[in-house]
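Structure assessment
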Amino acid sequence: MNAAQLPPVAPEVTATLVEGLSPRLRKRLDAAVTKLAARPTHRDGDTTTIEVDDETELRLYAPGGVVAKVEDVTCGCLLAPACVHRAAAACAAPAADLAPEPAEQATPEAPGPASATAPTPFGPDAAHALGLNVAPASGPDAATGVAANAAPGRAPNAAPDAATPHETASPDQRAAADALWSAGAAVLEAGVDGAGAVTQSALLRAAHSARLRHLPRAAGAALSVVTLLRAARAGNPSYRTAELVTALAELLGTAHRVGTASGAELAAVRGRVRRPYSPDGSLRLYGLFTEPVVTDSGHGGVRTWVAGADGRLFTVGDVAPGGVGRALGVADRAVRLGDSALTHRELGRAGLAVSGATVSPDGRLGAGKAVKAVTARGAAWTEPPLAALWETPPAEQAARALRSTSRYADPDGTGSDLLFLDVELLGAVREPGGACLLAQCEGGVRVRLTVADDDPALAHRDNLALLAAAPGTRLRIIGRLIPATHPRLTLLACTHPTGEGTVDLGLDRLRRADLPDPSAPAHFAPPQPAGPGGASPLYLLERRVEQTVPAGRAALGLLSDVTAETRRIRRGGLPTAAALLTALCASAAQRDRDLFGRLLPADTDGFAAYWLAAARYTAAVSESLCAAAWNATEGDPVAVPPVPVHDAAG
């Protein structure tokens, strides 16, 4: 059995089942989850059955696809309903989204009542850590305070909600935010190894409470943390520690900001349950390309990108449970938009005339009954209006994309992370994780092109390998920015090497006959410099931030003197990073004793605050180095652009 075989379970159901266990059974819960994962599972309609043993079955009833009530989880063992099996099944299943996203325009929920006060959810020492906001006006250390806007990983449909200019969070909202902070700090204290089902259920309970108090953004962040914790503990190969770092920082930062924000900032911090679709009149759209979408949760489909006559980008998607097989099949299905009979592949090269269009803030086209769409002539990438997308300098495109992908930016739903470049292929470059394709674009900037998805069923990997055998080829490409200390993109689409048409690199397969020299082997370019941030000692702080997540606070508390590391960081021009590393390690090691010499409980809130400040700081400086890399040409001196100085918690 794996999590994808089980229906999603509502967070409050999982939390209630875990809270109902006796202390003795709670200690056995993690082992029960592991044991249950090895048992056979089968689904019949809305009911999923797990064979606990040869004589006992456990059933999850999911009308509508979600287990929404405690009574929908039943077990046939003698100890039921007070057995550990029901809670273990809920913990093994995916956490259901707190609110489904509608296909069309929805009315936002009303915010909670206002309040005049907003205390912080932690003590004065932690507040001091978050107030590290003295920075130089420019240079690589200008990110001292770190923009505290919460981030990706985040509730994906958290567009800002309306708020009056002086409105503050209600007492109930602040209480819910405090609970989220405490639950997130507990995860940071225990680390992945110690954040078992009981710790996760506390996060799920806090997420449910936040959802009820109209804090969907913070609630979504908590669900992201739970999902990543489960992936890490299950040894999922797609899990990345950096993703959990981002999700935890989003959770802690958003929870803190609820108590301090007001007006428009409060609206952004609260978020919105559903993505609103607003009328956009008539649109003339031109297809760009289609990309396959495969998620870790087992969903698959495609997303087709189109551009308006004014250069605005829009998407038409079809993603549902099904994985990579569904992604390949859906590409040749009709687009769900008006009366159009075009498939997604065809739309990526054709055009549409749409009337009564509705559009979400992030450019998704609605498919309501009032929307009318008919097939129209498309445009080549070298023809107007599409050709204008390639006329913007790469550095400006990268800066725009970086604002869209920033880990700690308030999600306003605007902007795109796509770059449109004219490049000359230089060959493959060997990297620790494999090889990527090196290309040179305008201004002499060398950019590394990587696969968007390494699944062998998709065409990305094979196409990139073939293009590596065609150095000197000039292509017009579309890629997605990867924030790094050197220019880097995932390659999504390109003009055909023969100059005829375009290639959706995830769906269309190139052949050797398509290359200028079909017999040429892969060409490897000389080793490349790491970029403006390659020599930055920022990684010394970054690795301590990441080290905390798998092993918890104790991992830093056991460190010896970090004076050598801080000295090296200061020599690199990052005094604030050095101060943060010192404060973080000191907070991790601090354990006070009472009058009888007994250890007092650790200050989890204080440590979480220092960790949050360090995580936000490293992200801001890394983004500055990324922007600098796109502005630098070979041999030019690098000047890292200044980062706005804010309180690290918002």
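1. As for the overall build of the protein
- Per the secondary structure count, the protein includes 18 helices and 15 strands.
- Contacts spanning at least 24 positions in sequence make up 69% of the contacts within the protein whose residues lie at least 6 apart.
- Only carbon and sulfur atoms are counted for the fraction: they give 54% of the accessible area of the protein, which is about 27,400 Å².

2. Thoughts on the pattern of salt bridges
- Enumeration according to the criterion identifies 28 salt bridges in this entry.
- Between Arg 543 and Glu 565 there is a salt bridge, with its nearest N and O atoms 3.1 Å apart. Placement of Arg 543 in helix α14 (residues 539–551) and of Glu 565 in helix α16 (residues 563–571) is noted, with a sequence separation of 22 residues between them.
- Salt bridges here are not isolated pairs; linked through shared partners, they connect Asp 332, Arg 345, Arg 349, Asp 504 and Asp 508.

3. Side note on the sheet that holds strand β1 (residues 41–44)
- Read across the sheet, four strands follow the order β1-β2-β3-β4 without closing on themselves; strand pairing throughout is antiparallel. The outermost strands of the open sheet, each flanked by one partner alone, are β1 and β4 (73–75). Across the sheet, the mean angle from the axis of one strand to that of its neighbour is 20°, orientation sign disregarded.

4. Things to note about the sheet that holds strand β5 (residues 278–294)
- Pairing within the open sheet is antiparallel, and its five strands lie in the order β7-β6-β5-β8-β9. A strand with exactly one partner marks an edge of an open sheet, and here the two such strands are β7 (313–321) and β9 (372–376). The average angle at which neighbouring strand axes cross in this sheet is 35°, direction not considered.
- Pairing analysis gives nine bridges linking strand β6 (residues 299–308) to β7, with the strands arranged antiparallel. Its bridge partner being in β7, Val 306 is matched across the sheet by Phe 314.
- Sitting on the sheet, helix α10 (residues 323–330) is in contact with β5, β6 and β7, with an inclination near 40° to β6.

5. Quick word on the nonpolar core
- In this structure, Leu 203, Leu 244 and Trp 611 are the most contacted members of the largest nonpolar core, which totals 72 residues.
- Looking at this core, the elements with two or more residues in it are α5 (171–194), α6 (197–212), α7 (216–233), α8 (241–258), α9 (263–270), α14, α17 (575–589) and α18 (604–631).
- The greatest single-element share of this core, amounting to 13 residues, is contributed by α18.
- Leaving out residues up to four positions away in the same chain, Leu 244 has contacts with Val 192, Val 225, Leu 228, Leu 229, Tyr 239 and Val 549.
- By size, the runner-up hydrophobic cluster in this structure holds 33 residues, among which are Leu 402, Cys 441, Leu 464 and Leu 466.

6. Let's talk about helix α13 (residues 460–467)
- Buried residues of α13: His 460, Asn 463, Leu 464, Leu 466 and Leu 467, and no others. One face of α13 carries all of its buried residues, which in axial projection span an arc of 160°.
- Packing partners of the buried residues in α13 comprise β5, β10 (418–431), β11 (434–440), β12 (446–451), β13 (474–481) and β14 (488–495).

7. What to know about the packing of α8 against α9
- In the contact formed by α8 and α9, the axes pass within 10 Å of each other and the chain directions differ by 140°. Taken together, the axes of α8 and α9 lie oblique to each other. Seen along the crossing, α8 lies across α9 with a hand that is left-handed. Contacts between α8 and α9 pair Thr 254, Arg 257 and Val 258 from the former with Glu 265, Leu 266 and Val 269 from the latter.
- Across the contact of α8 with α9, the residue classes tally to three nonpolar, one polar and two charged.

8. Overview of the pairing of strand β8 (residues 351–359)
- Relative to β8, β5 runs antiparallel, the two sharing seven bridges. Within β8, the position partnered with Tyr 286 by the bridge is Gly 351.
- Pairing between β8 and β9: five bridges, direction antiparallel. Bridging from a neighbouring strand, Leu 352 pairs with Thr 375 of β9.

9. Focus on the packing of α5 against α18
- Running from N to C, α5 and α18 cross one another at 80°; their axes reach a closest spacing of 9 Å. It follows from the interaxial angle that α5 and α18 lie roughly perpendicular. Here α5 contributes Trp 181, Ala 185, Leu 188 and Glu 189 to the contact with α18, which in turn contributes Thr 604, Asp 605, Phe 607, Ala 608, Ala 609, Trp 611 and Leu 612.
- Classifying every residue of the contact of α5 with α18 gives eight nonpolar, one polar and two charged.

10. Description of the pairing of β5
- Across nine bridges, the pairing between β5 and β6 is antiparallel. For Val 293, the partnering residue across the bridge sits in β6 and is Gly 301.

11. A closer look at the side chain of Arg 257
- You can see Arg 257 is positioned in helix α8.
- Only 3.1 Å separates the side chain of Arg 257 from the side chain of Glu 265, close enough to count as a polar contact.

12. Overview of helix α1 (residues 11–19)
- Every buried residue of α1 is accounted for by Pro 11, Val 13, Thr 14, Ala 15, Leu 17 and Val 18.
- For α1, the elements touching its buried residues are α2 (23–37), β4, α3 (84–92), α6 and α7.

What counts, and at which threshold
- Residues numbered from 1 in each chain as written.
- Predicted model: local features only at pLDDT ≥ 70, side-chain atom pairs only at ≥ 80, totals over all residues.
- Heavy atoms only, no water.
- Helix = DSSP H or I, 4+ residues; strand = E, 2+ residues; numbered from the N terminus.
- Contact = heavy atoms within 4.5 Å.
- Areas by Shrake-Rupley, 256 points an atom, 1.4 Å probe, with all protein chains shown as cover.
- Salt bridge = Lys/Arg side-chain N within 4 Å of Asp/Glu carboxyl O.
- Pairing = 2+ DSSP bridges.
- Axes fitted to C-alpha atoms, helices over the stretch in contact; angles between N-to-C directions.
- Core = buried A, V, L, I, M, F, W, Y, C linked by side-chain atoms within 4.5 Å.
- Buried < 20%, exposed > 50% of the residue type's maximum accessible area, 1.4 Å probe, protein only.
- Arc of directions from axis to C-beta.
- Parallel < 35°, antiparallel > 145°, perpendicular 65-115°, else oblique.
- Left-handed = near helix turned anticlockwise from the far one by under 90°.
- Nonpolar A, V, L, I, M, F, W, Y, C, P; charged D, E, K, R; others polar.
- Polar contact = N/O pair within 3.5 Å; in protein donor to acceptor, adjacent residues only side chain to side chain.

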